[in-house]
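# Structural description and commentary
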Amino acid sequence: MLLMTLISTAALISAQPVPVAPGAGAVLTAPGEARSEVFDGRRWTCAPDGVCVARGPGLSQPAGRECRRFVARFGAVARYERDGAALSEAQLAQCNTAARG
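In this text, all values refer to a predicted model and were calculated from it rather than measured experimentally.

Turning to the sheet that holds strand β3 (residues 42-46), a few remarks are in order. Here 6 strands make up an open sheet; going across it, the order is β2-β3-β4-β1-β5-β6 and the pairing antiparallel. The strands lining the two open edges of the sheet, one partner per strand, are β2 (35-39) and β6 (85-86). Sheet topology places strand β1 (residues 24-28) next to strand β5 (residues 77-82); 5 bridges connect them, and they run antiparallel. The residue of β5 that forms the bridge with Ala24 is Arg82. On top of the sheet, helix α2 (residues 63-74) reaches β1, β2, β3, β4 (51-55) and β5; it is set at about 135 degrees to β5, its chief contact.

Printed below as a string of structure tokens:
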């Protein structure tokens, strides 16, 4: 009986979706110097090739707003994702309106 309970519990646990680690990432359209900056509760680190990775929980805000705030500081993006979900082309276009001139 104990063995059957353990097997059924293990099956339930393995059937649960694995949570994606919180975080965000972006790819800049115009790469530049490596830089690191903390804002909105995340440490953003951008490599010279334009790939940026964020660590930390971040503020509770919609992904589109977070993207616009990122773009205002770092520049336009070709890709932006948070918690494993990438923004669509339309969302990226809206996000990039915040890019510095």
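Further remarks concern the nonpolar core. Among the nonpolar cores identified, the biggest contains 18 residues, and Trp44, Phe70, Val77 and Tyr80 are the most heavily contacted of them. Among the secondary structure elements, those contributing two or more residues to this core are β1, β3, β4, α2, β5 and α3 (89-95). By residue number, the principal contributor to this core is α2, which donates 5 residues. Those residues in contact with Tyr80 that sit more than four places away from it in its chain are Ala24, Gly25, Ala26, Trp44, Ala63, Glu66, Cys67, Phe70, Ala85, Ala86, Leu87 and Leu92.

Further remarks concern the pattern of salt bridges. Enumeration according to the criterion identifies 7 salt bridges in this entry. Between Asp40 and Arg69 there is a salt bridge whose closest N-O contact spans 2.6 Å. Taken together, the positions of Asp40 in the loop between β2 and β3 and Arg69 in helix α2 put the pair 29 residues apart, joining distant regions of the chain. In this structure, a network of salt bridges that share partners links the residues Arg42, Glu66, Arg82 and Asp83.

Before going further, it helps to spend a moment on the state of the cysteines. Taken as a whole and assessed by the stated rule, the structure comprises 2 disulfides. For Cys46, the disulfide goes to Cys52, at an S-S distance of 2.1 Å. On the sign convention where negative means left-handed, the S-S torsion of about 115 degrees between Cys46 and Cys52 marks this disulfide as right-handed. As far as the burial class goes, Cys46 and Cys52 line up, both buried. Residue Cys67 pairs covalently with Cys95 via a disulfide, S to S 1.9 Å. Its S-S torsion of about -90 degrees marks the bond between Cys67 and Cys95 as left-handed, since a negative value means left-handed. Separated by 28 residues along the polypeptide, Cys67 in helix α2 and Cys95 in helix α3 bring together distant segments of the chain. For the pair shown, Cys67 and Cys95 are each scored as buried. Look at the chain and number its bonded cysteines as they come in the sequence; the links are 1-2, 3-4.

Rules used in this analysis
- Residues numbered from 1 in each chain as written.
- Predicted model: local features only at pLDDT ≥ 70, side-chain atom pairs only at ≥ 80, totals over all residues.
- Heavy atoms only, no water.
- Pairing = 2+ DSSP bridges.
- Helix = DSSP H or I, 4+ residues; strand = E, 2+ residues; numbered from the N terminus.
- Contact = heavy atoms within 4.5 Å.
- Axes fitted to C-alpha atoms, helices over the stretch in contact; angles between N-to-C directions.
- Core = buried A, V, L, I, M, F, W, Y, C linked by side-chain atoms within 4.5 Å.
- Buried < 20%, exposed > 50% of the residue type's maximum accessible area, 1.4 Å probe, protein only.
- Salt bridge = Lys/Arg side-chain N within 4 Å of Asp/Glu carboxyl O.
- Disulfide = S-S within 2.5 Å.

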